[in-house]
Amino acid sequence: MAEPKENVLMEKIVSLCKRRGFVYQSSEIYGGINGFWDYGPLGAELKRNVKDLWWTSMTRQREDVVGLEATIIMAPQIWRASGHVDTFSDPMCDCLLTRKRFRADQIEPQSGTAYHYSGARDTGSGKQSEDAFAVLLPPGKPPESARKTAIQFYQQRGLAQVELLGERTEKVENSQRFNPDNGALLTEPRPFNLMFKTYVGPVADEDNVAYLRPETAQAIFAQFKNVLETSRQKVPFGIAQIGKAFRNEVTPRNFTFRSREFEQMELEFFIKPDEAIEAIHGSVARPSGPGHPGEPQANWGWQMWHQYWVEERIRFYESIGLARETLEEYWQKPDELAHYARATVDLLFKFPFGTQELEGIAARSDFDLSQHERFSGKQMGVFDEELRGAWAKLDDQRKAGLSQLYYEARLKYMLKMGIEKEKAGKEAREDADGLAKGQYIPHVIEPSAGVDRLILALIANAYSEVTSTDEKGKAETRVIMKFHPRVAPIKSGVFPLLKNKPELVAKAREVFELLRKQEQVFYDEGGAIGRRYARQDEAGTPFCVTIDFETLGEKPELLNTVTVRHRDDGRQERVAIAELPAWLQARVR
Ligand code: ATP
């Protein structure tokens, strides 16, 4: 099948990333390792900028969010409580001929004629194989081709002169049961756990198994009580973390989009259950329509908070150059939601290979903390003085109503977790009694973003080409990486007009030293000025500063001014060196 046209763009992006030092294949000198990528000098700066911007907007600029930096390897019980040991798996199947492994749900559907064989016989030794096999041929291919593949299959099972048995054909439409590369039948899908396993300590046995974290979120739940007690925060508040996560993805693909080692930026924002809000405020504020709901209010229920975080996250993407039109909101349908989730919005970006998830924002109820409470035996709830006071003032009917709602929610959770009915009923009742005393397990809204996917989105979004014709009439295509100045790896390039004029070089070095105190600047004196501009355009540097003879006072009125060139339109303007740091700061912050 012809490659989709978009991949031409992806190929250009991948090659630019390597050529300019944004992203390299990990371990490239040894042939690489599938699903692992390294960031080169420009990529490392870009990534750092993105993480700093996320961290600043999520924690430092907010009074209600604090940070955490936890370990990658944690007690393995954490992954039992979270459900990852039991259910964090993808359906996977293998090619019966080549053993190549596929994610069952990602196989491109095939149509054609399937040739089935019930087994085969070795006409020399008389040995038989009763393994069934099949090959799918696209329309128009001769049956011989299927037989050739089938013969290979039985040869691998020890038959030398293969006679195929029981050939029958079947028309097949849009099937995911065959290897798209060679038509061979695949095994039935089996669950494959995506966590990387290792051993802690000198003994490599089952007692010492540990996992590399497949997400950063669980550490936040596990440290919830410590943070609550040491940070002087009260619900509603959030804990944010940036860090590595590892998933042994069956089919890593689309460059860094699906990697086996990647970074996440996650926030767990803890809120009061709606029953507590209603007890305190008399009613629960719910969204009245789409859009940003404004500054957080004390009477917001989980739906308001969820909508708030979806809109905050979109604003963040806009602030770093991803326009709203490049994003899409996908509200998961009820049958797609994880059993504990009340709502999940995926923020999708229009990647060159398709519109795909950049970030998920999930309303996860009180599932996570409840799980850790059950598995660790430690209390994960909070005591809320305001709730206790408010509850005491409610009339009996209101108390009974809210208590019943809370009881039902807790009971539902426990039954879902397989807790026996009687025990579940008793514990749910205790929880409802606890609510009346001001106790509850906080609910959570989780915006969870991938750094690497965002970097890829920013690179794809920035990539643009311009074609110009030189004096000799030769067309030349150049790449301009139109990064938002906030994320651009280099904020400005500083050039002396000529390399062989010591006064120009000295002045340019002076400007360079002045600017590098505040931001990432690149000094370049090599080659024609046009080449130097072009190099910075490819790196995505928003401004280039040139020191010329006018800077030195050739025209007295221009003494100590420089030419600043804008990347996206080539516009040039004259700025005084004394004003330059502030001029740039205003444009790159
Ligand atoms: P997908 O369905 O694409 O595998 P997911 O829904 O499993 O993703 P989450 O578990 O919600 O992803 O992880 C949160 C974020 O982490 C994702 O939105 C994505 O940005 C990032 N992420 C997840 N898996 C990978 C991966 N293999 N490579 C790079 N980033 C990833």
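Here, every reference points to the structure presented above.
What you see is a predicted model; the values in this text were computed from it and never measured.

This next bit is on the overall build of the chain. A tally of regular secondary structure across the chain gives 17 helices and 29 strands. Projected onto its principal axes, the C-alpha positions of the chain cover 90 × 90 × 55 Å. Sorting the 589 residues of the chain into buried and exposed places 49% on the buried side. Considering only contacts in the chain between residues 6 or more positions apart, those separated by 24 or more positions represent 65%. Where the 81 positive side-chain charges of the chain centre and where its 87 negative ones centre are 2 Å apart.

This part is about the site of the ligand. As a structural note, the neighbourhood of the ligand is formed by 15 residues, with E249, R258, S259, E357 and L358 the closest of them. Between Q264 and the ligand, the recorded distance is 3.2 Å, taken from a side-chain N or O atom to an oxygen atom. In the environment of the ligand, an oxygen atom lies 3.0 Å from a nitrogen or oxygen atom belonging to the side chain of R453. Protein contacts shield 80% of the accessible area of the ligand, which totals 590 Å² for the unbound molecule. Put simply, the parts of the chain that give the shell around the ligand at least two residues each are β16 (261–271), β19 (354–363) and β22 (443–450). Top contributing element to the shell around the ligand by residue count: β19, with four residues. The class makeup of the residues in the shell around the ligand is four nonpolar, five polar and six charged.

This paragraph deals with helix α12 (residues 396–416). Its 21 residues give α12 an end-to-end C-alpha distance of 30 Å, which sits within 8% of 30 Å, the value for a rise of 1.5 Å per residue. When we look at burial in α12, the residues that qualify are L402, S403, Y406, Y407, R410, L411, Y413 and M414. Where α12 is buried, its residues touch α8 (274–281), α10 (367–376), α11 (385–392), α13 (421–436) and β21 (439–440). Where α12 terminates, the next one or two residues include G418, which has phi positive at roughly 85°.

A few words now on the sheet that holds strand β10 (residues 162–165). Pairing is antiparallel across the open sheet formed by three strands, whose spatial order is β8-β7-β10. Because the sheet does not close on itself, it has two edges, and the strands there are β8 (128–129) and β10. In this structure, strand β7 (residues 119–122) lies alongside β10, joined through four bridges in antiparallel fashion. The residue of β10 that forms the bridge with A120 is L164. Taken strand by strand, helix α5 (residues 143–156) contacts β7, β8 and β10, and its axis lies near 110° from that of β10.

All right, on to the nonpolar core then. Within the largest apolar cluster, 63 residues are counted, with the highest numbers of intra-cluster contacts made by Y317, L454 and F483. Beyond its immediate stretch of four places on either side in the chain, Y317 contacts L322, L327, L347, L358, E359, A449 and L454. The next biggest cluster of nonpolar side chains, apart from the first, holds 39 residues, and it includes A219, I220, A279 and L369.

Conventions we followed
Residues numbered from 1 in each chain as written. Predicted model: local features only at pLDDT ≥ 70, side-chain atom pairs only at ≥ 80, totals over all residues. Heavy atoms only, no water. Helix = DSSP H or I, 4+ residues; strand = E, 2+ residues; numbered from the N terminus. Buried < 20%, exposed > 50% of the residue type's maximum accessible area, 1.4 Å probe, protein only. Contact = heavy atoms within 4.5 Å. Lys, Arg positive; Asp, Glu negative; His and termini not counted. Charge placed at Lys NZ, Arg CZ, Asp CG, Glu CD. Near = heavy atom within 4 Å. Polar contact = N/O pair within 3.5 Å; in protein donor to acceptor, adjacent residues only side chain to side chain. Areas by Shrake-Rupley, 256 points an atom, 1.4 Å probe, with all protein chains shown as cover. Nonpolar A, V, L, I, M, F, W, Y, C, P; charged D, E, K, R; others polar. Expected span 1.5 Å × (residues − 1). Pairing = 2+ DSSP bridges. Axes fitted to C-alpha atoms, helices over the stretch in contact; angles between N-to-C directions. Core = buried A, V, L, I, M, F, W, Y, C linked by side-chain atoms within 4.5 Å.

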